[in-house]
Amino acid sequence: MNLDRLLRKHLKGLKPYQSARDEYTGREGIFLDANENPLGSATEEAFNRYPDPYQQEVKAALALVKLIREPYIFLGNGSDEAIDLLYRAFCEPGEDHVILLPPTYGMYKVSAQINGVDIREVSLAEDFQLDVEAIRARVSPMTKLIFICSPNNPTGNLMDREAIRQVIEMAPGLVVVDEAYADFAPDQSVLHWVREYPNLVVLQTFSKAWGLANLRLGMAFADPAIIQILNQIKPPYNVNGLTQRMALEALKNRKKMQQQVSDLLEEREKLQAGLSALPLVERVYPSDANFLLVKVPEPDRWYQELIDKRIIVRNRSRVHLCEGCLRITVGRPFENRMLLEVLAQLT
Ligand code: PMP
């Protein structure tokens, strides 16, 4: 793959912003280089120094957890930042396009629109799997990115790995496999394929299983040449110091995350059974994630009735292939019980 062909023309030869801390990386010293306030902060805890722009400690810890070397890792302000940076790096507005596979995560489209990039949509098949031949029919040399979400939001299913492989092998540009929910799924991650395929980008996040949505920390794994480009165009201090410190703490407490995942999966099974037992529920789709897609007769009314009881779910009933569906996140045990109680009263 020729990454130079994929990179936007105006970025070739870009001289990235050199932050003060790029030049001297030692920890000790008298730092008079970054116009910080040397006295401390207006808070109890001091936040007066800029954070490490390349998040090296977090990457070192993450490398051990994910069994991949640091040059393959990019960290961003949520995986949403990585999505946006991929557009900005590789998609020439008005010339290039991306392929999206609806129904899927909404930010791929919004980010394309913000960046003025054309979209080609190829529907998932009825069973929510990839329609490889339909994708092949829409691919052209101007296809810079193809987004595959696995497990997919909002349908909850993992994509067939061989189908993902076929898309990677046919793609003239990059294939982005978004594994935001992979920690809830049986281990089918394609993360380690990044060593084999220089056109593969795998996205993961600390927002879901790790329970750190508030901190905004997303991961992109890819060939070091791609990671280097993302690092060159990102804002210098895109991941704040508090987030870096908390991520390190989380990575040391991996067992807690795994315990929560296993508790949530147990809850998902109970919720699935409870919802399926409701006479009016038409279908509860199988899920490899921490949410369920549920088909009901009157989704708008059900949604509103739940809101009236201060239970907020996602109304996906106007989304292609999800007609009639609500998307329900697995909550705490008592929250799921409340939901089932309210739904059982609906007629
Ligand atoms: N990808 C998918 C599939 C998601 O559902 C979400 C969040 N809803 C994200 C990415 C964004 O995650 P982050 O919080 O890391 O920006």
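Relevant structure appears above.
Residues numbered from 1 in each chain as written. Predicted model: local features only at pLDDT ≥ 70, side-chain atom pairs only at ≥ 80, totals over all residues. Heavy atoms only, no water.

Student: How do you make sense of the overall build of the protein when you look at a structure like this?
Tutor: When helices and strands are tallied, the protein shows twelve helices and eleven strands. Expressed as a percentage of its 347 residues, the buried residues of the protein come to 52%. A separation threshold of at least 6 residues defines the contact pool for the protein, and within that pool the share at least 24 residues apart is 68%. Positive and negative charge centroids in the protein, built from 41 and 46 side chains respectively, lie 1 Å apart. (Helix = DSSP H or I, 4+ residues; strand = E, 2+ residues; numbered from the N terminus. Buried < 20%, exposed > 50% of the residue type's maximum accessible area, 1.4 Å probe, protein only. Contact = heavy atoms within 4.5 Å. Lys, Arg positive; Asp, Glu negative; His and termini not counted. Charge placed at Lys NZ, Arg CZ, Asp CG, Glu CD.)

Student: I tried to follow the packing of helix α4 (residues 79–90) against helix α8 (residues 224–233) on my own but got confused; where do I start?
Tutor: In the contact formed by α4 and α8, the axes pass within 10 Å of each other and the chain directions differ by 95 degrees. Classified by the interaxial angle, the pair formed by α4 and α8 is roughly perpendicular. Of α8, the residues touching α4 (which contributes Leu85, Leu86, Arg88, Ala89 and Phe90) are Ile226, Ile229, Leu230 and Ile233. Residues that form the contact of α4 with α8 fall into these classes: eight nonpolar, no polar and one charged. (Axes fitted to C-alpha atoms, helices over the stretch in contact; angles between N-to-C directions. Parallel < 35°, antiparallel > 145°, perpendicular 65-115°, else oblique. Nonpolar A, V, L, I, M, F, W, Y, C, P; charged D, E, K, R; others polar.)

Student: Would you mind showing me how to read the pattern of salt bridges here?
Tutor: For side chains bearing opposite charge, pairing can occur when the charged atoms are close. Throughout the structure, instances matching the rule amount to 18 salt bridges. Note that Arg88 is salt-bridged to Asp84, the shortest N-O span being 3.0 Å. You can see Arg88 and its partner Asp84 sitting in helix α4, four residues apart, about one turn around the helix. On the accessibility criterion, Arg88 (35% relative accessible area) is partly exposed. Owing to a relative accessible area of 18%, Asp84 belongs among the buried residues under this scheme. Glu121 serves as the salt-bridge partner of Lys109, at 3.3 Å between the closest nitrogen and oxygen. (Salt bridge = Lys/Arg side-chain N within 4 Å of Asp/Glu carboxyl O.)

Student: In this structure, what is going on with helix α5 (residues 107–114)? I would like to understand it.
Tutor: Note: α-helices contain 3.6 residues per turn, so residues at a spacing of three or four share the same orientation. Buried within α5 we find Tyr108, Ser111 and Ala112. Angular distribution of buried residues about the axis of α5 spans 105 degrees; they occupy a single face of the element. Set apart from the buried face of α5 by more than 90 degrees, the exposed residues are Gln113 and Ile114. Tucked into the core, α5 has its buried residues touching α4, β2 (97–100), β3 (118–121), β4 (143–149) and β5 (174–178). Gly116 sits one or two residues past α5 and shows a positive phi near 65 degrees. (Arc of directions from axis to C-beta.)

Student: Please clarify how the packing of α4 against α5 should be interpreted in this entry.
Tutor: A pair of packed helices can be characterised by two numbers: the angle between their axes and the separation between those axes. Between α4 and α5, the least distance of the axes is 10 Å, while the angle of their chain directions is 40 degrees. The orientation of α4 with respect to α5, classified from their angle, is oblique. Pair α4 / α5 crosses with right-handed handedness. Packed against α4, whose contacting residues are Asp80, Ile83, Asp84 and Tyr87, the element α5 presents Met107, Tyr108, Ser111 and Ala112 at the interface. In terms of residue class, the contact of α4 with α5 is made up of five nonpolar, one polar and two charged. (Left-handed = near helix turned anticlockwise from the far one by under 90°.)

Student: I tried to follow the state of the cysteines on my own but got confused; where do I start?
Tutor: By definition, a disulfide is the covalent link that joins the sulfur atoms of two cysteine residues. Counted under the stated rule, the structure contains zero disulfides. Free cysteine: Cys149, not disulfide-bonded; nearest cysteine sulfur from Cys322 at 12 Å. A residue is classified by how much of its surface remains accessible, and Cys149, at 4% relative accessible area, is buried. (Disulfide = S-S within 2.5 Å.)

Student: Explanation requested: the nonpolar core in the structure shown.
Tutor: Looking at soluble globular proteins, one finds that nonpolar side chains tend to be buried together. Leu130, Ile148, Val167, Leu200 and Phe221 are the most contacted members of the largest nonpolar core, which has 59 residues in total. Considering every element that reaches this core, the biggest residue donor is helix α7 (residues 161–170), with five residues. Those residues in contact with Ile148 that lie beyond four places of it in its chain are Leu101, Leu130, Met159, Ile164, Val167, Val175, Val176, Val177 and Asp178. Tyr87, Phe147, Leu174 and Ala222 belong to the second largest nonpolar core, which has 32 residues in total. (Core = buried A, V, L, I, M, F, W, Y, C linked by side-chain atoms within 4.5 Å.)

Student: Is there a simple way to think about the site of the ligand in this case?
Tutor: Surrounding the ligand, one finds 13 residues, the nearest of these being Ser79, Asp178, Thr205, Ser207 and Arg216. Here Asn153 contributes a side-chain N or O atom positioned 2.9 Å from an oxygen atom of the ligand. In the environment of the ligand, an oxygen atom lies 2.6 Å from a nitrogen or oxygen atom belonging to the side chain of Thr205. Protein chains shield 91% of the accessible area of the ligand, which is 400 Å² for the free molecule. Put simply, the ligand lies in the second largest pocket. Classifying every residue of the shell around the ligand by side-chain character gives four nonpolar, five polar and four charged. (Near = heavy atom within 4 Å. Polar contact = N/O pair within 3.5 Å; in protein donor to acceptor, adjacent residues only side chain to side chain. Areas by Shrake-Rupley, 256 points an atom, 1.4 Å probe, with all protein chains shown as cover. 1 Å grid on protein atoms, 1.4 Å probe; cavity = no way out; pocket = protein on both sides within 12 Å on 5 of 7 lines; lining within 4 Å. Sits in = over half its atoms within 2 Å of the grid points.)

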